[in-house]
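# A structural walkthrough
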Amino acid sequence: MSPRYGLVALDLDGTALGADPEQFAPGLLEAAADAAAAGVEVLFATGRPRPCMPAQLVQLQPSWLHTLICCDGAQVWDLDTNTLLWQKALEPDELTAVAALGRQLDLPVEYIDAEGQYHVTQSDLNRLLAGRLGEYHRGVLCRRAVPLTVLPETLAPLGIVKVNLPVVPLELYPALTCALAQAGVQGMECGTGSFEVTSPQAGKQAAVAFAAKRLGLDLKAVMALGDSGNDAALLRAAGWGVAMGNAPAAVQQAADAVAPANTQGGAAWAIWRWLLTE
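Reference entry: report on the structure contained in this document.

Cut-off values and rules
Residues numbered from 1 in each chain as written. Predicted model: local features only at pLDDT ≥ 70, side-chain atom pairs only at ≥ 80, totals over all residues. Heavy atoms only, no water. Axes fitted to C-alpha atoms, helices over the stretch in contact; angles between N-to-C directions. Helix = DSSP H or I, 4+ residues; strand = E, 2+ residues; numbered from the N terminus. Parallel < 35°, antiparallel > 145°, perpendicular 65-115°, else oblique. Left-handed = near helix turned anticlockwise from the far one by under 90°. Contact = heavy atoms within 4.5 Å. Nonpolar A, V, L, I, M, F, W, Y, C, P; charged D, E, K, R; others polar. Disulfide = S-S within 2.5 Å. Salt bridge = Lys/Arg side-chain N within 4 Å of Asp/Glu carboxyl O. Buried < 20%, exposed > 50% of the residue type's maximum accessible area, 1.4 Å probe, protein only. Pairing = 2+ DSSP bridges. 1 Å grid on protein atoms, 1.4 Å probe; cavity = no way out; pocket = protein on both sides within 12 Å on 5 of 7 lines; lining within 4 Å. Points joined across faces, edges and corners; volume = space filled by probe spheres on them.

So, about the packing of helix H2 (residues 28–37) against helix H11 (residues 266–275). Contact geometry of H2 with H11 gives a least axis separation of 8 Å together with a crossing angle of 30°. What the angle tells us is that H2 and H11 run roughly parallel. Note that H2 runs across H11; the crossing there is left-handed. On H11, the residues touching Leu28, Glu30, Ala31, Asp34 and Ala35 of H2 are Ala267, Ala268, Ile271, Trp272 and Leu275. Among the residues forming the contact of H2 with H11, the class breakdown is eight nonpolar, no polar and two charged.

Listed below in structure tokens is the structure:
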């Protein structure tokens, strides 16, 4: 029997990765290889920039992985040819609006360019490093932060593919959500207290649709797995959307089914359960 879906799109952090952000969750590599052997295209769709891929993925470079979606769907890479197929960067006026919002709400802001550099003012960097950032995020800033000494809109020629607002107090959620919508950008809650912003033309749903079209497929032929706010739209649109057991309630409600948590091998379980056995 042929698999029900022709493409599997997997988020990385909180989904395909386990407790260690540099290592895959139990069974994931085996399940992905089984899916590929059955003729299914497998790709990763992550919020990470390409230079920040997990160490195990960089080391193994699995032969079944041909496409990588980065920066919340702002970039699509063909790994076989090392070609950037799709890029949707923020426009100067959108960067101006987000910067003004950061100042108004007194929020630290990270501007991520097409090369995966994090442009951050020194004062914002100091605030972030003095706060309670996770180990992965702290390490990224230590390796890839670039001092921001110009107006953010002047970074547009570098291709700002994503903006992070990593420390947002809960009481500011309504004002921030409303202001991002008014600015015409995509704002997604990605973990408690963290928002990620992209061009309205980006997003994992749009990027996976682009990748699927190259294979002669549409989103109804896609099985998508994720755990965060940047996955919700894709989970709703896919032929079969699977939220992880560690996902917040709103993300689980966007999906067709819920798998065990990432640390329990939920992504592998879902692939074997709904792709390879039905």
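Two elements in contact, helix H5 (residues 122–130) and helix H6 (residues 135–144), have axes separated by 10 Å at closest approach and are oriented at 145°. Once H5 is placed against H6, the crossing between them reads as left-handed. The residues of H6 that touch H5, namely those facing Leu125, Leu128 and Leu129, are Arg138, Leu141 and Cys142. Looking at the contact of H5 with H6, its residues break down into five nonpolar, no polar and one charged.

Here we come to the state of the cysteines. Taken as a whole and assessed by the stated rule, the structure comprises zero disulfides. Here Cys178 stays free of any disulfide, with the sulfur of Cys190 as its closest cysteine sulfur at 19 Å. Left without a disulfide partner, Cys190 is nearest to the cysteine sulfur of Cys71, which lies 12 Å away.

The final tally for this structure, using the stated rule, is eight salt bridges. Between Lys204 and Asp11 there is a salt bridge whose closest N-O contact spans 3.0 Å. Of the two residues, Lys204 sits in helix H8 (residues 204–214) while Asp11 sits in the loop between strand E1 (7–10) and helix H1 (12–16), which places them 193 residues apart along the sequence. Judged by relative accessible area, which is 2%, Lys204 ranks as buried. For Asp11, a relative accessible area of 4% corresponds to the buried category. For Arg48, the salt bridge goes to Asp13, with nearest N and O atoms at 2.7 Å. You can see Arg48 sitting in the loop between strand E2 (41–45) and helix H3 (55–60) and its partner Asp13 sitting in helix H1, a full 35 residues away along the chain.

Strand order across the open sheet formed by six strands is E8-E7-E6-E9-E11-E10, with mixed pairing between neighbours. Each end of this open sheet is capped by a strand with a single partner; those strands are strand E8 (145–147) and strand E10 (186–189). Each adjacent strand pair in this sheet contributes to an overall mean axis angle of 30°, direction not counted. Of the strands in this sheet, strand E6 (110–113), strand E7 (118–120) and E8 are in contact with H6, which crosses E8 at around 50°.

Here we come to the layout of surface pockets. Summary: where empty space remains is shown by rolling a probe the size of a single water molecule over the atoms. The volume enclosed by the second largest pocket comes to roughly 300 Å³. Together, Arg50, Met53, Leu57, Val58, Gln61, Pro62, Ser63, Leu65, His66, Leu68, Leu79 and Asp80 line the second largest pocket. Going through the elements one at a time, H3 and strand E3 (65–70) are the ones with two or more residues in the lining of the second largest pocket.

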